[in-house]
Amino acid sequence: MVEPASPHPAGDALTEALTPDWGFFIRSSKRHEAFHSGLQEVEVHDSKAFGTLFRLDGHFMTSEKDEFFYHENLVHMAAITHNQPRRALVVGGGDGGSAEELFKHPSIERITLVEIDLAVVDISRRYLHSVHRGSLDDPRLTLKIEDGFAYVKASPEPFDLIVLDLTDPGGPSTLLYTPEFYRACAARLGEDGIMTLHIASPLANPAQIHETLQRLREVFRNVVPYLTSVPLYGGLWLMACCSQRADPRQLTADSVEARLQERCIRDLQYYNGAMHGAALALPNFVRALVA
C-alpha cells in the first residue's frame, strides 16, 4: 500500500549527509511526489540545477541532467570490455538508465531488469523519460518486480553482463552487498562474463570501499576499481568491474574508440577511449585505499 507523505515542500533545500559532519543540498523548485511505497520513501522533485530528480529514503538517486555521469560509467566500462555482450541482467536500476545504455550495444538481445519496488519503475515512467528513453518498454527488456538476491540465486540463466544498479547498503539492498550474492552472480556469468557495480565515495566512505572490495575479491579473480565523478552524489565515486577473465585495463584508448565505432555508439556524453583510461588511473590516496 502506498502511503502519502510530504517531507519536503517546494522551495525547500533537499539535503543529504555524506558523513555525520559533511553533506550537500539541492533546492527543490517543485515537488511532484512524496510517498512511502511500502518499502522505501520515494520523492520526485524539479530543481534548477539538476532538472527532475528522485530520491529514495532521503538519498539522491538520479536526475535528468547528470544521469549520464553515473549510467555511462557504470555500464560501458564493462560492456565495451566484453567482446560481444548478448544477455544482460540489471539488478535494481528501476529508473531504466542502465538498460538504456546497454541497448546502445547492437549485440544486446535481451535485458532482464529485476527491481524490488514497482513504485520506482512507475515514477520513472511518469517523470524520467529523459533517463530511460523508452528502454523500460523495449520488447527486449523483461521486467521482474521481485527481490534481486532471490532471483539471482534461483535463476539458472547465464548472462554476459550483470549491472548492480543499487541503492547504498541498507534496507532492501543489504543482502546485495554480501559474498553470497556475489557468488550467485559469478555463477550466472561463468568465466567470460563481467559484473559492474558502484561502490561509494573514497572521501566519505573509505571503510565501505575497503569492505566491498574485500568481499568481491573473495569471488572474482579480476576486481578492477575505477573512478568517476557523479555530481548528484557529491563528487568522486568509485566503481568496479569484476570478472574471472576479462580486464578493462587491457584495452587502450584506441581500441575502445575502435569498438565504439564498430558498434555505432555515438551518442555518449561522458565515456570515450580517453576517459576509459582516465577512470582507471587512480590518485595515490585511492590506490592505497583499494590495494
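Definitions and cut-offs
- Residues numbered from 1 in each chain as written.
- Predicted model: local features only at pLDDT ≥ 70, side-chain atom pairs only at ≥ 80, totals over all residues.
- Heavy atoms only, no water.
- Helix = DSSP H or I, 4+ residues; strand = E, 2+ residues; numbered from the N terminus.
- Contact = heavy atoms within 4.5 Å.
- Polar contact = N/O pair within 3.5 Å; in protein donor to acceptor, adjacent residues only side chain to side chain.
- Patch = residues over 30% accessible without salt bridge, like charges linked within 9 Å, V, L, I, M, F, W, Y side chains within 5 Å.
- Areas by Shrake-Rupley, 256 points an atom, 1.4 Å probe, with all protein chains shown as cover.
- Salt bridge = Lys/Arg side-chain N within 4 Å of Asp/Glu carboxyl O.
- Core = buried A, V, L, I, M, F, W, Y, C linked by side-chain atoms within 4.5 Å.
- Buried < 20%, exposed > 50% of the residue type's maximum accessible area, 1.4 Å probe, protein only.

Once that is clear, we can look at the environment of Thr-52. One can find Thr-52 in strand β6 (residues 51–56). C-alpha of Thr-52 to C-alpha of Tyr-127: the two residues are 75 residues apart in sequence and 7.3 Å apart in space. Apart from residues no more than four positions distant in its own chain, Thr-52 is found in contact with Val-44, His-45, Asp-46, Thr-62, Ser-63, Glu-64, Tyr-127 and Leu-128. A polar contact is formed between the side chain of Thr-52 and the side chain of Asp-46, at a distance of 2.7 Å.

For the rest of this paragraph, the subject is a nonpolar patch on the surface. A surface patch of nonpolar side chains, amounting to about 360 Å² of accessible area, comprises Trp-22, Leu-203, Leu-236 and Phe-285. As for its position among the elements, Leu-236 is in strand β14 (residues 235–243).

Counting residues in hydrophobic clusters, the biggest one holds 39 residues, and the most contacted among them are Ile-26, Phe-60, Leu-102, Ile-111, Leu-161, Tyr-226 and Cys-241. Considering every element that reaches this core, the biggest residue donor is helix α1 (residues 67–81), with six residues. Setting aside chain neighbours within four positions, we find Phe-60 in contact with Leu-14, Thr-15, Glu-16, Phe-24, Ile-26, Leu-53, Phe-54, Arg-55, Leu-232 and Tyr-233. If you look at the next biggest cluster of nonpolar residues, it comprises 36 residues, including Leu-89, Ile-199, Val-219 and Val-290.

A few words now on the side chain of Glu-33. Relative to the helices and strands, Glu-33 is located in strand β4 (residues 30–36). A polar side-chain atom of Glu-33 sits 3.0 Å from a polar atom in the side chain of Arg-126. In contact with Glu-33, not counting residues within four places along its chain, are Val-42, Glu-43, Val-44, Arg-126 and Tyr-127.

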